[in-house]
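Structural description and commentary
Here is what each chain is made of, one letter per residue.
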Amino acid sequence: VQLMESGGGLVQPGGSLRVSCAASGFTVSSYAMSWYRQAPGKERELVAGISSPGGSTVYADSVKGRFTISRDNAKNTVSLQMNSLKPEDTAVYYCRAVHVLYGIAYWGQGTQVTVSS
């Protein structure tokens, strides 16, 4: 069982970046998927989540209107499209999966996103 994030990197303020999370060993359609982030010296915080089934979404107030979470059941992935990035979005972004019935949870290793000019 594994979650592998990809797509992080360095981007200028106002730019866009898409991070993705590929699942192996389980199917994301049976899990509530979410993205968290952790900046240096700060606690890990929820950025966005998407439920299963149904696909309803939730966002932190700080990213509403700028970030979009999506899930592709066919590719067994979940992605986070980040637009209008700000320096305060700089953090390690983690993917998390929680089984909708049993509560089993998995974390990815994280991918660094740096917003800087």
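These lines cover the structure that appears in this document, whether it is placed above or below. (Residues numbered from 1 in each chain as written. Predicted model: local features only at pLDDT ≥ 70, side-chain atom pairs only at ≥ 80, totals over all residues. Heavy atoms only, no water.)

Time to look at the nonpolar core. Residues Met33, Trp35, Leu80, Met82 and Tyr93 are the most contacted members of the largest nonpolar core, which totals 30 residues. Mapped by element, the contributors of at least two residues to this core are strand E3 (17-24), strand E4 (31-38), strand E5 (45-50), strand E7 (67-72), strand E8 (77-82), strand E9 (91-99) and strand E11 (111-115). Those residues in contact with methionine 33, other than ones at most four positions away along the chain, are Leu3, Val28, Ala48, Gly49, Ile50, Ile69, Arg71, Val78, Cys95, Arg96 and Ala97. (Core = buried A, V, L, I, M, F, W, Y, C linked by side-chain atoms within 4.5 Å. Buried < 20%, exposed > 50% of the residue type's maximum accessible area, 1.4 Å probe, protein only. Helix = DSSP H or I, 4+ residues; strand = E, 2+ residues; numbered from the N terminus. Contact = heavy atoms within 4.5 Å.)

Tallying each qualifying case throughout the model produces 1 disulfide. Bridging cysteine 21 to cysteine 95, the disulfide has an S-S length of 2.2 Å. Here cysteine 21 and cysteine 95 share a disulfide; its torsion about the S-S bond, -85°, makes the bridge left-handed. Residue cysteine 21 is found in strand E3, and its partner cysteine 95 is found in strand E9; the two are separated by 74 residues along the sequence. The exposure class assigned to cysteine 21 is buried, which follows from its relative accessible area of 1%. (Disulfide = S-S within 2.5 Å.)

What follows is about the sheet that holds strand E1 (residues 2-6). The 4 strands are arranged E1-E3-E8-E7 in an open sheet whose pairing can be described as antiparallel. The sheet is open, and its two edges are formed by E1 and E7, each paired on a single side. Here the average twist between neighbouring strands, direction ignored, is 15°. The pairing of E7 with E8 spans 6 bridges and is classified as antiparallel. Each residue of the ladder has a partner; that of aspartate 72, found in E8, is threonine 77. (Pairing = 2+ DSSP bridges. Axes fitted to C-alpha atoms, helices over the stretch in contact; angles between N-to-C directions.)

Here we come to the pattern of salt bridges. Within this structure, the stated rule accounts for 4 salt bridges. Between arginine 37 and glutamate 45 there is a salt bridge; the shortest N-O distance is 2.7 Å. For arginine 37, the salt bridge goes to aspartate 89, with nearest N and O atoms at 2.9 Å. Separated by 52 residues along the polypeptide, arginine 37 in strand E4 and aspartate 89 in the loop between E8 and E9 bring together distant segments of the chain. Beyond isolated ion pairs, a larger network of salt bridges with shared partners links Arg37, Glu45, Arg66 and Asp89. (Salt bridge = Lys/Arg side-chain N within 4 Å of Asp/Glu carboxyl O.)

Here we take up the packing of aromatic side chains. Evaluation of the coordinates by the stated rule reveals 5 aromatic pairs. Measuring from ring centre to ring centre gives 5.0 Å for tyrosine 36 and tryptophan 107, while their planes differ by 65°; the resulting arrangement is edge-to-face. Here tyrosine 36 is found in strand E4, whereas its partner tryptophan 107 is found in strand E10 (residues 105-107), with 71 residues between them in sequence. What links up through ring pairs into an aromatic cluster is the set Phe26, Tyr31 and Tyr106. Geometry around tyrosine 94 places arginine 44 over its ring, the cationic atom sitting 3.7 Å from the centre. The ring of tryptophan 107 has arginine 44 lying over it, and the distance from NZ or CZ to the ring centre is 4.6 Å. (Phe/Tyr/Trp six-rings, centres within 6.5 Å; stacked < 30°, edge-to-face > 60°. Lys NZ or Arg CZ within 6 Å of the ring centre and 35° of its normal.)

By themselves, these observations are geometric and do not establish any function.
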